[in-house]
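Examination of the molecular architecture
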Amino acid sequence: MQLHFTKMHGCGNDYIYLDCRETGLPAEIAVWSQKLSRRHFSIGADGIICICPPLTADGDATMRMFNADGSEGKMCGNAIRCVGKYLYENALTSKTELKIETLSGIRTLSLLTENDRVVAVRVDMGRAELDCAAIPVIYDGDRAVDVPIGVGEETYRFTAVSMGNPHAVVFADDVRSVPLEMIGPLFEKHTMFPERVNTEFVRVVSENALEMRVWERGSGETYACGTGACAAAVAAVVN
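**Observations concerning helix α1 (residues 29–36)**
Within α1, the full set of buried residues consists of I29, W32, S33 and L36. All buried residues of α1 fall inside an arc of 100° around its axis, so they share one side.

Right under this line is the structure:
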């Protein structure tokens with residue numbers, strides 16, 4: 001079969017974009033995401049984003065995201081910015097305020113344009129969720145803030161945050177030396193996180209700056225993560 005796609009990235013967080021507004025969600029999208037996301041042997045990406053028709057009268061489009069392992073995610077901040085750029089620059093909308101539906105709710109996009117090109121997109125990511133049951137994370141308290149977790153042979157301390165998808169934020173003095181390839185999968189599949197988890201290792205650089213590395217569930221280490229950046233900021237505040 002012949003497949004038409006667009007490759008886009010936000011801060012290096014790259015996805016394969018499929019316009020599914022007319023065709024609907026492909027039945028084999030999970031398999032496609034596994035095959036097409038492979039680095040070096042295929043297109044290569046953190047996953048596939050399907051741009052689907054809106055489900056409500058107020059919506060402009062629906063975003064469905066599938067990770068490199070074929071699993072479906074609920075929200076991606078960088079991907080949804082690219083959806084806004086795609087819709088505007090392909091003349092599928094003339095609006096600069098868009099409502100994009102996701103599995104974690106509607107997100108509002110503000111597009112900054114110059115000469116009919118989108119140069120920046122701002123996303124209202126919504127309120128952060130700290131309630132353990134809603135994230136979800138298995139913990140005795142209502143919130144998991146700076147709590148210990150055994151991963152491999154080490155004990156870390158994490159703060160659980162949801163930005164429409166679950167995050168475990170770990171503060172560290174040096175994020176670059178963290179063996180993320182080894183411990184990322186252990187965090188992702190830890191029994192405390194029944195729906196798996198994205199993990200951010202964060203260094204406080206200054207009052208207004210954080211340095212972050214992220215392991216995304218279903219995709220591994222990525223160059224950036226919009227929801228993860230928000231989760232890191234929230235965790236820094238509550239700690």
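**What to know about the pairing of strand β3 (residues 47–52)**
Counted residue by residue, β3 has 6 buried out of 6 residues, so it is predominantly covered. Side chains G47, I49 and I51 of β3 all project onto a buried face; the interleaved residues I48, C50 and C52 project onto the opposite face, where all are buried too. Bridge analysis of strand β2 (residues 13–19) against β3 gives 4 bridges, and the strand direction is parallel. Within the sheet, the bridge partner assigned to I16 lies in β3 and is I48. Between the parallel elements β2 and β3, the chain passes through α1 in a crossover that is right-handed. Where β3 lies against strand β4 (residues 61–67), 6 bridges are found, and the strand directions are antiparallel. Bridge assignment links I48 to a residue of β4, and that residue is F66.

**Concerning the side chain of T222**
Examined against the element boundaries, T222 turns out to sit in strand β14 (residues 220–222). A relative accessible area of 5% means that T222 is categorised as buried. One polar contact links T222 to E216, side chain to side chain, over a distance of 2.6 Å. In this structure, T222 is in contact with N13, D46, V214 and E216, ignoring residues within four places of it in sequence.

**Quick notes on the side chain of S33**
Along the chain, the position of S33 falls in helix α1. Overall, the relative accessible area of 0% leaves S33 in the buried class. Here S33 is in contact with G47, I48, F66, N67, A68 and G70, once residues within four sequence places are set aside.

**Notes on the nonpolar core**
In this structure, Y17, I49, M63, V83, L87, I100 and L109 are the most contacted members of the largest nonpolar core, which totals 33 residues. When contributions to this core are tallied by element, the ones reaching two or more residues are β2, β3, β4, α2 (77–89), β6 (97–102), β7 (105–114), β8 (117–124) and α4 (226–238). Looking at this core, the element that brings in the most residues is α2, giving 7 residues. Excluding residues that lie within four positions of it along the chain, V83 makes contacts with Y17, I49, I51, M63 and I100. Counting residues in each nonpolar core, the second largest holds 22 residues, with A144, I149, A160 and L180 among its members.

**Thoughts on the packing of aromatic side chains**
Within the structure shown, the criterion is met by 4 aromatic pairs. Aromatic pair Y156 and F201: ring centres 6.0 Å apart, planes at 80°, arrangement edge-to-face. You can see Y156 sitting in strand β10 (residues 154–162) and its partner F201 sitting in strand β12 (residues 198–206), a full 45 residues away along the chain. On the basis of relative accessible area, Y156 is assigned to the buried category, the value being 18%.

Procedures and definitions
- Residues numbered from 1 in each chain as written.
- Predicted model: local features only at pLDDT ≥ 70, side-chain atom pairs only at ≥ 80, totals over all residues.
- Heavy atoms only, no water.
- Buried < 20%, exposed > 50% of the residue type's maximum accessible area, 1.4 Å probe, protein only.
- Helix = DSSP H or I, 4+ residues; strand = E, 2+ residues; numbered from the N terminus.
- Arc of directions from axis to C-beta.
- Pairing = 2+ DSSP bridges.
- Right-handed = clockwise from strand over helix to strand, strands pointing away.
- Polar contact = N/O pair within 3.5 Å; in protein donor to acceptor, adjacent residues only side chain to side chain.
- Contact = heavy atoms within 4.5 Å.
- Core = buried A, V, L, I, M, F, W, Y, C linked by side-chain atoms within 4.5 Å.
- Phe/Tyr/Trp six-rings, centres within 6.5 Å; stacked < 30°, edge-to-face > 60°.

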